[in-house]
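Overview (structure and organization)
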Amino acid sequence: GETRSVVAYSTNQRLALLQRSVALFVRRPIVGWGFRHFEFASRTEGGGGPLQLVSPEAAQGLASHNTLLRFVVETGVVGTTLLLLIFGYWANRSRQAIARLEHGSPDRDLAILFLGGLVAYWAEAMFHDVTFMMHENLLIFFLAGCLCSNQLPATPLTNAVGHFIAEPLHRSRILSATIFCRDLS
């Protein structure tokens with residue numbers, strides 16, 4: 001009885017958010033409504049548009065519960081394409097590192113960890129809006145930074161005339177700096 005009505009209400013809310021997202025996207029498909037404007041656009045434009053699965057009032061006052069839908073509404077095709085290209089680039093770099101490096105290599109382990117984190121990130125993003133969850137984004141961006149920096153050539157830095165400036169920054173120094181900064185906060 002009561003459990004079914006709670007599930008039905010939650011399902012109706014998610015369907016209402018889906019139809020609201022589609023309606024808002026259709027109105028501004030190229031560049032969207034602007035970053036962090038989903039709720040504003042929902043309040044001012046409301047609506048279920050051409051997709052009327054449930055009453056639009058079911059999602060009244062709710063934030064988006066899906067990161068991809070939020071990005072589609074807020075940044076349109078242009079922003080969503082850029083976002084997907086960044087995540088695709090990271091996933092491809094990780095896949096290449098896994099294929100290229102031998103088992104037991106710390107860089108290969110980092111690439112596997114990153115891919116696992118990326119899968120978990122997008123699984124969570126389908127049912128929650130993770131754009132405002134700092135810990136979710138910090139973890140995935142930190143791992144992506146470590147992954148991409150490890151695949152840079154390890155050559156010393158020089159200035160325009162070829163004078164030595166500094167040794168290459170290795171992962172151990174990045175991790176040490178991260179731990180040090182965390183201890184300061």
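In what follows, the structure referred to is the one given above.
Residues numbered from 1 in each chain as written. Predicted model: local features only at pLDDT ≥ 70, side-chain atom pairs only at ≥ 80, totals over all residues. Heavy atoms only, no water.

The helix and strand inventory of the chain stands at six helices and two strands. Secondary structure of the chain in N-to-C order comes out as α-α-α-α-α-β-β-α. By residue count, 32% of the 185 residues in the chain fall in the buried class. Approximately 11400 Å² of the chain is accessible, and the part contributed by carbon and sulfur atoms is 66%. (Helix = DSSP H or I, 4+ residues; strand = E, 2+ residues; numbered from the N terminus. Buried < 20%, exposed > 50% of the residue type's maximum accessible area, 1.4 Å probe, protein only. Areas by Shrake-Rupley, 256 points an atom, 1.4 Å probe, with all protein chains shown as cover.)

Here we take up the packing of aromatic side chains. The full count for this structure, using the stated rule, is seven aromatic pairs. Ring geometry for F35 against F71: centres 5.9 Å apart, planes inclined by 45 degrees, an arrangement best described as tilted. Pair noted here: F35 is in the loop between α1 (2–27) and α2 (38–45) and F71 is in helix α3 (residues 67–100), with a separation of 36 residues, a long-range link. What makes F35 partly exposed here is its relative accessible area of 45%. In this structure F71 comes out as buried when scored by relative accessible area, which is 14%. On the basis of an interplanar angle of 85 degrees and a centroid distance of 6.2 Å, the ring pair of W90 and F114 is categorised as edge-to-face. Here W90, found in helix α3, pairs with F114, found in helix α4 (residues 106–125); they are 24 residues apart in sequence, far enough to count as distant. Residue class for W90 comes out buried when judged on its relative accessible area of 10%. Exposure remark for F114: the relative accessible area of 0% places this residue in the buried category. The structure contains a cluster of three or more aromatic residues connected by ring pairs, namely F87, W90, F114, Y121, W122 and F141. Across the ring face of W33, the terminal group of R28 is positioned such that the distance to the ring centre comes to 3.8 Å. (Phe/Tyr/Trp six-rings, centres within 6.5 Å; stacked < 30°, edge-to-face > 60°. Lys NZ or Arg CZ within 6 Å of the ring centre and 35° of its normal.)

Right, let's get into the layout of surface pockets. There is about 180 Å³ of room inside the second largest pocket. Ranked by residues supplied to the lining of the second largest pocket, first place goes to α1 with five residues. Taken together, the residues of the lining of the second largest pocket break down into six nonpolar, four polar and one charged. (1 Å grid on protein atoms, 1.4 Å probe; cavity = no way out; pocket = protein on both sides within 12 Å on 5 of 7 lines; lining within 4 Å. Points joined across faces, edges and corners; volume = space filled by probe spheres on them. Nonpolar A, V, L, I, M, F, W, Y, C, P; charged D, E, K, R; others polar.)

Those residues of α2 that fall on the buried side of the exposure criterion are F38, A41 and S42. Looking down the long axis of α2, one finds its buried residues gathered within 100 degrees of arc, a one-sided arrangement. (Arc of directions from axis to C-beta.)

Once that is clear, we can look at the packing of α3 against α4. Direction vectors running N to C along α3 and α4 enclose 155 degrees, while the axes themselves pass 9 Å from each other. In this view, α3 runs roughly antiparallel relative to α4, as classed from their interaxial angle. Like other packed secondary-structure pairs, α3 and α4 cross with a definite hand, here left-handed. Contact residues: T67, L68, L83, F87, W90, A91, S94, A97 and I98 in α3; R108, A111, I112, F114, L115, L118, Y121, W122 and A125 in α4. (Axes fitted to C-alpha atoms, helices over the stretch in contact; angles between N-to-C directions. Parallel < 35°, antiparallel > 145°, perpendicular 65-115°, else oblique. Left-handed = near helix turned anticlockwise from the far one by under 90°. Contact = heavy atoms within 4.5 Å.)

Now for the nonpolar core. Among the nonpolar cores identified, the biggest contains 20 residues, and F87, W90, F114, L118, Y121, W122 and I140 are the most heavily contacted of them. Elements with a minimum of two residues in this core: α3, α4 and α5 (134–150). A per-element tally of this core places α4 first, with seven residues. The residues touching Y121, leaving out its near neighbours within four places in the chain, are F87, V130, E136, N137 and I140. Ranked by size, the runner-up nonpolar core spans six residues in total, among them L17, L24, W33 and F38. (Core = buried A, V, L, I, M, F, W, Y, C linked by side-chain atoms within 4.5 Å.)

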